[in-house]
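Commentary on secondary and tertiary structure
Here are the chains, one letter per residue:
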Amino acid sequence: MKNVVIIGAGVAGVNAATKLVDNQFDGQITIIDMGKNPYERPYEEVMTGFLGAGGWSDGKLTYHTAIGGQLAKYCGEEKAMELMDQVIENFKRFHPKPEAVQCSNPIEEPEFIKPYFGLRLFPVWHVGTDYLHEIGKNWYDFLLENGISFKWETKVTDIDFDKNLVYVGDEVILYDELIFGVGKSGIDFGKKLADKYDLPTEPKSVQIGVRFEAPQKHFQKLIDVSYDFKLYRKFEDKGVSLRSFCTNNNAAYVAVEETYGDHSYNGHAKKDEAYRNNMTNFGILMEIQGIDEPFTWSRNVVQSVNKNGTGLYYSPSRPPSQTSEGIDVSATQITGKQLDEVREHFGGYFQYIDDFIDDMKKVFPTLQHDWGIYIPEVKYLSPEPLVNYNNLSLTKYEQVYFVGDALSARGITVSGAHGIYVAEQLIS
Ligand SMILES: Cc1cc2nc3c(=O)[nH]c(=O)nc-3n(C[C@H](O)[C@H](O)[C@H](O)COP(=O)(O)OP(=O)(O)OC[C@H]3O[C@@H](n4cnc5c(N)ncnc54)[C@H](O)[C@@H]3O)c2cc1C
């Protein structure tokens, strides 16, 4: 009987386990997570615990192979869509009100955008933050009932890929197959292992920018076409592209993320009308190619734009906002003059963000000074180890499978699809 160990009860790990259970996998499955089970996981623990970062996110399930990280690269377009279908079905399956899961599917790029931006159009299934907790509990109960063992509040500190051993403090666990799905909260751990075992990796870009916030009314015309709109522009010769990222509307809140002790920003939206604040927020994220040591560069920028132990907020007119719990979003407010220092820290690249905002004022004429930015928003792309494309196992260690954000994903659907893809190979 095989012993499968899954590190990370995030979207990827949980979908992998579910696929194994659904196929009566004949083996022992253990999931280890440093966070808490869904009954005990508090609201503030955004990154860790059952369903991982995805479980406490905005619950937007993007449904396109160009969004959310690498998937079709490994398995082809058709298989990628089929895997994403399975992830969406799982979220519906454990949803207390599956009929509330809606899909927005824009079909035409509106004319008024065209002179300044492109608009990436793709379907999004919207689960809603509020329901995710209930989904988590139902899903967890199902896995428990089907014999999965969980180890909560247990941090894996090391792995011996040569001897198939996982270390949790003093305890050592032996595995036959290991699924490594530690997400963003385990990015430093993944990097440590990649260094220790000298895992070959694929080259990466820098992904950095700001979280933009404004009253929703300015963007309504576009939101009517696409809820999670993706404005984008590309400067091929400079190796820079920009996109609006993870748009939240109606009851939209800016969220603070903490990575390596520094603050950066993200956003989420509530479904419950009680939380409606009629705001919109989204990342303006640059993808910059060709920077040496992209990870170190990003970390240095993030560090240099943290002040008084938190990130920065700039607005020509608006005070910073509050979280859904009614607390001020943690940020140090800066003046226009201090924004020049930020521009310096971004090493010339901030100009692209300035231009993006200026052009939004042209496309959305009521916007003018009615906006604010939280600095920085960052996606630390974990070093992406080289894997066998047919099953996501490491080229150097074939019993170890990298999945989700720990591999090359940036979203729920793709992360879950990685997990299912690996499970399918284990079953076969
Ligand atoms: C605020 C926020 C909003 C988001 N909104 C969306 C959205 O609307 N749509 C979307 O598609 N994506 C969204 N994302 C991204 C999405 O959540 C991730 O892409 C997805 O959760 C990645 O899945 P994963 O399984 O790889 O990792 P995660 O879901 O992050 O899970 C990783 C798990 O591993 C555990 N772990 C880490 N290290 C260790 C260790 N050493 N030992 C034991 N356990 C460990 C963690 O506790 C965690 O539970 C959002 C992210 C955030 C932070």
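Quantities reported herein were computed from a predicted structural model and do not represent experimental measurements.

What counts, and at which threshold
Residues numbered from 1 in each chain as written. Predicted model: local features only at pLDDT ≥ 70, side-chain atom pairs only at ≥ 80, totals over all residues. Heavy atoms only, no water. Pairing = 2+ DSSP bridges. Helix = DSSP H or I, 4+ residues; strand = E, 2+ residues; numbered from the N terminus. Axes fitted to C-alpha atoms, helices over the stretch in contact; angles between N-to-C directions. Contact = heavy atoms within 4.5 Å. Near = heavy atom within 4 Å. Polar contact = N/O pair within 3.5 Å; in protein donor to acceptor, adjacent residues only side chain to side chain. Areas by Shrake-Rupley, 256 points an atom, 1.4 Å probe, with all protein chains shown as cover. Phe/Tyr/Trp six-rings, centres within 6.5 Å; stacked < 30°, edge-to-face > 60°. Buried < 20%, exposed > 50% of the residue type's maximum accessible area, 1.4 Å probe, protein only. 1 Å grid on protein atoms, 1.4 Å probe; cavity = no way out; pocket = protein on both sides within 12 Å on 5 of 7 lines; lining within 4 Å. Points joined across faces, edges and corners; volume = space filled by probe spheres on them. Nonpolar A, V, L, I, M, F, W, Y, C, P; charged D, E, K, R; others polar. Salt bridge = Lys/Arg side-chain N within 4 Å of Asp/Glu carboxyl O. Core = buried A, V, L, I, M, F, W, Y, C linked by side-chain atoms within 4.5 Å. Arc of directions from axis to C-beta.

With parallel pairing, the five strands of this open sheet are ordered in space as β7-β2-β1-β11-β23. Two strands bound the open sheet, and with one partner strand each, they are β7 (149–151) and β23 (400–402). The average undirected angle you get between the axes of adjacent strands in this sheet is 20°. Contacts from helix α11 (residues 412–427) reach β1 (2–7), β11 (177–180) and β23, with the element oriented near 170° to β11.

Another point: the side chain of S205. Along the polypeptide, S205 turns up in the loop between β12 (201–202) and β13 (206–215). Not counting the four nearest positions on each side in its chain, S205 is found in contact with E287, I288, Q289, P294 and L381.

What surrounds the ligand is a group of 39 residues, the closest being A12, D33, K60, D405 and I412. The separation between a nitrogen atom of the ligand and a polar main-chain atom of M34 is 3.0 Å. Contact distances for the ligand include 2.7 Å between an oxygen atom and a backbone N or O atom of I412. Notes on the ligand: free accessible area 1000 Å², of which the protein chains cover 96%. Per element, the largest residue contribution to the shell around the ligand is three residues, and it comes from helix α2 (residues 52–55).

Tallied over the full model, the rule gives 35 aromatic pairs. Seen in terms of ring centroids, Y39 and Y140 are 6.3 Å apart; in terms of plane orientation they differ by 55°. Their pairing is tilted. Of this pair, Y39 sits in the loop between β2 (27–32) and α2 while Y140 sits in helix α5 (residues 129–145); the two residues are 101 residues apart in sequence, bridging distant segments of the chain. Exposure remark for Y140: the relative accessible area of 8% places this residue in the buried category. For the ring pair Y74 and Y389, a centre distance of 5.1 Å and an interplane angle of 90° mean the geometry is edge-to-face. Pair noted here: Y74 is in helix α3 (residues 72–75) and Y389 is in the loop between β22 (384–385) and β23, with a separation of 315 residues, a long-range link.

So, on to the layout of surface pockets. Roughly 320 Å³ of volume is contained in the second largest pocket. Considering the residues around the second largest pocket, the lining is formed by 21 residues, among which K191, K204, P294, F295 and P383 are closest to the centre. Only α6 (187–196), β12, β13 and α8 (294–304) provide two or more residues apiece to the lining of the second largest pocket. Ranked by residues supplied to the lining of the second largest pocket, first place goes to α8 with four residues. Among the residues making up the lining of the second largest pocket, the classes are represented as eight nonpolar, five polar and eight charged.

Moving on: the pattern of salt bridges. A pair can form between side chains of opposite charge whenever their charged atoms are brought close. If you walk through the whole model with that rule in mind, you get 26 salt bridges. For E89, the salt bridge goes to K92, with nearest N and O atoms at 3.8 Å. Note that E89 and K92 are positioned in helix α4 (residues 77–93) at a spacing of three residues, about one turn of the helix. A salt bridge links D370 to R318; the shortest N-O distance between them is 2.9 Å. A residue pair is termed long-range when its members are at least 10 positions apart, and D370 in the loop between α10 (350–363) and β21 (372–378) and R318 in the loop between β19 (312–314) and β20 (332–333) qualify at 52 residues. A relative accessible area of 21% means that R318 is categorised as partly exposed. Overlapping salt bridges bring together K19, K79, E82 and E424 as one network.

Before going further, it helps to spend a moment on the nonpolar core. In this structure, F50, F91, L143, I159, F161 and V166 are the most contacted members of the largest nonpolar core, which totals 78 residues. Here this core gets eight residues from one element, more than from any other, and that element is α11. Formed by 45 residues, the second largest nonpolar core is a distinct cluster that contains F212, V240, Y314 and F350.

Here we come to α8. The periodicity of an α-helix, 3.6 residues per turn, causes residues three or four positions apart to be oriented the same way. Turning to α8, its buried residues are P294, F295, S298, V301 and V302. Down the axis of α8, the smallest arc covering the buried residues is 130°, so these residues share one side.

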